[in-house]
Amino acid sequence: MTWDLGRNTSTEGRRAGAGLTRAQRVAGWSMRAGLWMLAVVIVVVPVGAALYLLNRDRLPDQVLSPQPPPVDPAAAAAWRDMGAGLPAEAPPVVLSYHDIHPGSTDRYVVSPGLFERQLMALRAAGYRTLTSRQYANYLQGDRPGPRSVYLTFDDGTAGLYRYADPVLRRQAAHGASYLISGRVGRHQPYYLTWLEVRTMASSGRWDFQAHTHDLHRRGPTGPERVPASMLTGRAWTADGSRPETDAEHRARVATDIAAQLRDFRKQALPKPLLFAYPFSDAGSARDRATVRVTASLLARTYAGTFTNVSALPAPTSRRSTAGGRIQRIEVFRDTTPEDLVRQVRSWTAVSPAGLNPLGDRQRWFDPWKERRVSVADLTDGTPAPKRTYAEAAYAPYASADWCGYRLTASVTGLSPRGNNANVTVRWGGVAPVVIRVAYGSVQVVDHTGVVVAARPAGARRHRLRVDVGATSTEVQVDGVSVGNVPDGAGARSCGGVVVALRRDPDASPPRFTSLTLKSRV
């Protein structure tokens, strides 16, 4: 008899197979499937790991966008004209980007082509780019250099290596990437790798600055669990039983700063000089203690800190440096080259010497929003329906360091029935002074309230002179001194001019007929 050990052909065997339960058959299929999956894992995972180890030290290809088309001569002339009349030297203007990448609909992602045209427009308008070291030198006391912009890029996204770096190379420009150092090399392909960071640093086109190690995130903060930045907010303890104490918050922030500095040392990168607040969140007025603690720790480590949001203008200036935070212009995917140059121009510091604000209609802004307003509301004397108040700030960003100047103004149309004109000097600083001029009265107001009250002869027209100095503000009305307001805040109290008109509903509005400025040493 020949035995067939490979097959069961007997009737008993077939009957035994037919007699298997459904559960037994399913179990058999499951076992075979499991064995196949195990085989795949055994083969694929080592291959994947090998490929990762093989490629982790390889750089991705950079993508050089096509050479931009020739700039229209009219556009190039417009860019140059925007830079005309500006000082040759001025404090740098800081720009805030996030990522550079083609085809994105995210408003924070700028296309490489648009980015390149923005750089071309800035250069045509007379602006160069700075390194972080050059920028920090200004904060530490160096005089302003040639007119410039400082390009910052938050988060350390991979698009900086692939798309932004080729543009910087072609335009001979410099950028600064603000790294969340705990995320470098993670969440690929969104963030840069350390190899990309080192390669960019070695090119001379980039330097790297601080954006926290691992506190670029939001979470519940404070007793009310308000969602806010984990850097400046008071986090809850790990067991969720209470908000952290001042000491615990200080220790947590100090630990994160130390971790970021350690990351830079491990990669042989220079110590970061500057810091950008995550989400531009410098803290809440609800918890001033954590705001002070965070600001103090950062000030010990960095030459300056940045935010994109500020209640009052805080461009690069001695005033902002003394105040501890500097504001940046945020650039979006729909920011045209013309819009960017126009905004950079409005942030470029100018001297008050010889200015005629009423004839310079492009520099008037809403004091509380960064939008232009018409100065005609202050000069033409035509009442808008139901409008009883109008105000405008002159060059609010360009005047941050005005610490010595004389303002002269004439107001007409004043009426005993109820209207007045206001002039604010040192606006944007910590100690603004308001002069209220009415038909037969003058008030000088500072942060404490009315400090001077006078009653000149009633008249429909008054002439005003205000001398802003290093230590005081002197006010004259119609050639007569009405008061002197002392000031001891130094650079923090420097600032520009806001003018306003008020009228009762049944009164006609007054108007400014002249307003001039000149430097006063």
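The coordinates are above.
Remember, predicted model here, so these are calculated numbers, not experimental data. (Residues numbered from 1 in each chain as written. Predicted model: local features only at pLDDT ≥ 70, side-chain atom pairs only at ≥ 80, totals over all residues. Heavy atoms only, no water.)

**Q** Any chance you could explain the packing of helix 3 (residues 73-83) against helix 11 (residues 337-347) here in plain terms?
**A** Each packed pair of helices is defined by two parameters, the angle between the axes and the distance between the axes. Close contact between helix 3 and helix 11 brings their axes to 9 Å; oriented N to C, the two are set at 10°. By the angle between their directions, the pair helix 3 and helix 11 is classed as roughly parallel. Along the contact surface, helix 3 presents Trp 79, Asp 81, Met 82 and Gly 83, while helix 11 presents Pro 337, Glu 338, Val 341, Arg 342 and Arg 345. Looking at the contact of helix 3 with helix 11 residue by residue, the classes come out as 4 nonpolar, 1 polar and 4 charged. (Axes fitted to C-alpha atoms, helices over the stretch in contact; angles between N-to-C directions. Helix = DSSP H or I, 4+ residues; strand = E, 2+ residues; numbered from the N terminus. Parallel < 35°, antiparallel > 145°, perpendicular 65-115°, else oblique. Contact = heavy atoms within 4.5 Å. Nonpolar A, V, L, I, M, F, W, Y, C, P; charged D, E, K, R; others polar.)

**Q** What is the right way to look at the state of the cysteines in this model?
**A** A complete count under the given rule lists 1 disulfide for this structure. Across the disulfide, Cys 403 is cross-linked to Cys 494 (sulfur-sulfur distance 1.5 Å). In this structure, the disulfide formed by Cys 403 and Cys 494 twists by about 95° around the S-S bond and is classed as right-handed. Of the two residues, Cys 403 is situated in the loop between strand 15 (389-394) and strand 16 (405-412) and Cys 494 in the loop between strand 23 (480-486) and strand 24 (496-503); the sequence distance between them amounts to 91 residues. For Cys 494, a relative accessible area of 2% puts it in the buried group. (Disulfide = S-S within 2.5 Å. Buried < 20%, exposed > 50% of the residue type's maximum accessible area, 1.4 Å probe, protein only.)

**Q** Help me understand the packing of aromatic side chains in this model?
**A** Each pair of aromatic rings is reported with the distance of its centres and the angle of its planes. Within the structure shown, the criterion is met by 16 aromatic pairs. Measuring from centroid to centroid gives 6.1 Å for Tyr 150 and Phe 306, while their planes differ by 45°, and the two rings are tilted. Of this pair, Tyr 150 sits in strand 5 (residues 148-155) while Phe 306 sits in strand 11 (residues 304-307), and the two are 156 residues apart along the sequence. Across this residue pair, the class does not change: Tyr 150 and Phe 306 are buried. When the centroid spacing of 5.2 Å and the interplanar angle of 50° are considered together, the rings of Trp 364 and Tyr 394 count as tilted. A residue pair is termed long-range when its members are at least 10 positions apart, and Trp 364 in strand 14 (residues 364-365) and Tyr 394 in strand 15 qualify at 30 residues. One aromatic cluster is present, formed by Tyr 97, Phe 115, Phe 153 and Trp 206 through successive ring pairs. (Phe/Tyr/Trp six-rings, centres within 6.5 Å; stacked < 30°, edge-to-face > 60°.)

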